[in-house]
Amino acid sequence: MDLPRGLAGVVIDQTSISSTKNARLTYSGYPIEEICQASFEEVVYLLWYGRLPNKEELQKFRKMLVRKMVLPAETVRLLLYIAREPQHPMSILRTTTSLLGTTNDVEHDEPPRILAKMLTVIAAIVRIRNNEPLIDVDEKMGVVENFLYMLTGERPDEELAKMFSTVMILQADHEFNASTFTARVVASTFADYYSCLTAAVCALKGPLHGGANERVFEMLEKVYDHDMDPIDYVKDAFKRGRKVMGFGHRIYKHGDPRAKLLRPIAEKMAKRTGNMYFFEVQTEIADYMLKEKGLYPNVDYYTALIYHCVGLKKDVFTTIFAACRTAGWLAHVMEQRREKTLIRPCSEYVGPDERHYLPDVND
């Protein structure tokens, strides 16, 4: 009996949050090409409640999220102690997410407060690792503007805030990906929100999931540092049996729609920050990969450069992905909890059969 590896193509449940049917990404029925023009807060509201907010609801929702972007004092104390090298930032985020589940009256923590705290935690991890002071939330700004401000210490202009909002929206959800499915499995046991998010963070850390963006920028750095021809680098990688990260997708055989939307943002960001060399390298490699291997860039390929242009070090890239994806994780946890069904699949046993224990055989 041939079983699909990694549950490829297996429908294990229903969802009304997002879909990749026919290789088109939609959020609650809205094509990603259209909904990415909305604000981040609108999209979070859509993922959680299945509809877009009206003007009054949006304003109230935005203010609520921003006001909750404050961490418990005990979380800050722990971060100041652990959020330094050599630990990987995702390991720090995993531990801190778990800690959030033990502090500050968590029994009454609901998704808005949890999302707000996760964004602030991630910004704090970045600041501490850079030996920079933590930044307090500015209630005059929105969620994305505050997130960028708390990451970099600089208030973003309107163009940067809009571009980064689009980036966060494009990574907010993606059906039953590995980390989301992990969160849903834990949610099906009726575990608390923080347990679900901790499990999701663990799944996202792997290089075949969220960690791919770090590997993409490692490639760009190697080409730059050694003054290599980008195509020679790719050819050498294949000769050595190494995978070129940032290409291909199990669902999108003819191009990741998110990558298509991220490419012009990466180019604009590169121009703004004097990083066009990296974008040109990306373009050369992407053209070669499509021509020689029939592979298209995926979402990780261009986000790696965008994160670099924001001023972030590559080791924190996956934590930024987690900041974006937390909105989707919470949406799926809420949906799974409403189902009140434990996820418990079956397996096909392929090990030895008909073995018997003989207690005297070794006497």
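No experiment lies behind these values; they were computed from the predicted model shown.

J.: Help me understand the sheet that holds strand β2 (residues 26-27) in this model?
T.: In a beta sheet, neighbouring strands pair by backbone hydrogen bonds and run either parallel or antiparallel. Pairing in this open sheet of three strands is antiparallel, and the strands run β1-β2-β3 from one edge to the other. Both outer strands of the open sheet, β1 (18-19) and β3 (30-31), are each paired with one neighbouring strand and no more. Alignment of β1 against β2, held across two bridges, turns out to be antiparallel. Bridging across to β2, S18 finds its partner in Y27.

J.: Sorry, what's going on with empty space enclosed by the protein here?
T.: Where empty space is left in the structure can be found by rolling a water-sized probe over the atoms. In total, this model carries one cavity of 30 Å³ or more according to the counting rule given. If you trace the largest cavity, you find it lined by V126, R129, N130, L312, K313, D315 and V316. Looking at the lining of the largest cavity, its residues break down into three nonpolar, one polar and three charged.

J.: Sorry if this is basic, but what is going on with a nonpolar patch on the surface here?
T.: Taken together, the side chains of L7, V10 and I12 define a hydrophobic patch exposed on the protein surface, amounting to about 230 Å² of accessible area. Following the sequence through the fold, L7 ends up in the segment before β1.

J.: Before we go on, may I ask you to explain the packing of aromatic side chains in this structure?
T.: Between two aromatic rings, the relevant description is the distance of the centres plus the angle of the planes. Applying the stated criterion across every chain, the model contains 15 aromatic pairs. On the basis of an interplanar angle of 75 degrees and a centroid distance of 6.4 Å, the ring pair of Y49 and F61 is categorised as edge-to-face. Here Y49 is found in helix α2 (residues 40-49), whereas its partner F61 is found in helix α3 (residues 55-67), with 12 residues between them in sequence. Given a relative accessible area of 43%, Y49 falls into the partly exposed group. When the centroid spacing of 6.5 Å and the interplanar angle of 55 degrees are considered together, the rings of F164 and Y307 count as tilted. You can see F164 sitting in helix α8 (residues 158-170) and its partner Y307 sitting in helix α15 (residues 299-310), a full 143 residues away along the chain. The buried category is assigned to F164, whose relative accessible area is 2%. Taking relative accessible area as the criterion, Y307 reaches 0% and is therefore assigned buried. Taken together, the aromatic side chains of F164, F217, Y224, Y277, F278, Y307 and F317 make up a single cluster linked through ring pairs. Stacked on the ring of Y193, the Lys or Arg R337 has its end atom at 4.8 Å from the ring centre.

J.: Could you clarify how one ought to interpret unusual backbone geometry in this entry?
T.: A negative phi holds for most residues other than glycine; trans holds for most peptide bonds. Within the chain, E175 stands out as a residue other than glycine whose phi angle is a positive 55 degrees. Following the sequence through the fold, E175 ends up in the loop between α8 and α9 (178-187). With a relative accessible area of 24%, E175 lands in the partly exposed category. Backbone geometry at K340 places phi at a positive 55 degrees, although glycine is not the residue there. Positionally, K340 belongs in the segment after α16 (317-339).

J.: Just to check I follow, could you spell out the environment of F147 for this structure?
T.: Structurally, F147 is set in helix α7 (residues 143-152). In the structure, F147 is positioned 10 residues away from V137 in sequence and 8.4 Å away in space, judged by C-alpha atoms.

J.: What exactly am I supposed to notice about the packing of helix α5 (residues 89-100) against helix α6 (residues 111-129) here?
T.: Packed helices, taken two at a time, are described by the angle their axes make and the gap between the axes. Following both chains from N to C, one finds α5 and α6 inclined at 140 degrees, their axes separated by 11 Å at the closest point. In terms of orientation, α5 lies oblique with respect to α6. Once α5 is placed against α6, the crossing between them reads as right-handed. From α5, P89, I92, L93, T96, T97 and L100 reach across to α6, where they touch K117, M118, V121, I122, I125 and R129. Residues of the contact of α5 with α6, tallied by class, amount to eight nonpolar, two polar and two charged.

J.: For this particular structure, what's the right way to read helix α12 (residues 230-239)?
T.: In an α-helix, one full turn covers 3.6 residues, which means residues spaced three or four apart are oriented alike. Considered for burial, the residues of α12 that qualify are P230, I231, Y233, V234 and A237. Buried residues in α12, looked at end-on, bunch into an arc of 155 degrees, giving them a common side. Between the side-chain oxygen of the N-cap and the backbone nitrogen of I231 there are 2.9 Å, and the N-cap of α12 in question is D229. A positive backbone phi angle near 75 degrees is found at G241, which sits one or two residues after α12.

Basis of the calculations
Residues numbered from 1 in each chain as written. Predicted model: local features only at pLDDT ≥ 70, side-chain atom pairs only at ≥ 80, totals over all residues. Heavy atoms only, no water. Pairing = 2+ DSSP bridges. Helix = DSSP H or I, 4+ residues; strand = E, 2+ residues; numbered from the N terminus. 1 Å grid on protein atoms, 1.4 Å probe; cavity = no way out; pocket = protein on both sides within 12 Å on 5 of 7 lines; lining within 4 Å. Points joined across faces, edges and corners; volume = space filled by probe spheres on them. Nonpolar A, V, L, I, M, F, W, Y, C, P; charged D, E, K, R; others polar. Patch = residues over 30% accessible without salt bridge, like charges linked within 9 Å, V, L, I, M, F, W, Y side chains within 5 Å. Areas by Shrake-Rupley, 256 points an atom, 1.4 Å probe, with all protein chains shown as cover. Salt bridge = Lys/Arg side-chain N within 4 Å of Asp/Glu carboxyl O. Phe/Tyr/Trp six-rings, centres within 6.5 Å; stacked < 30°, edge-to-face > 60°. Buried < 20%, exposed > 50% of the residue type's maximum accessible area, 1.4 Å probe, protein only. Lys NZ or Arg CZ within 6 Å of the ring centre and 35° of its normal. Axes fitted to C-alpha atoms, helices over the stretch in contact; angles between N-to-C directions. Parallel < 35°, antiparallel > 145°, perpendicular 65-115°, else oblique. Left-handed = near helix turned anticlockwise from the far one by under 90°. Contact = heavy atoms within 4.5 Å. Arc of directions from axis to C-beta. Polar contact = N/O pair within 3.5 Å; in protein donor to acceptor, adjacent residues only side chain to side chain.

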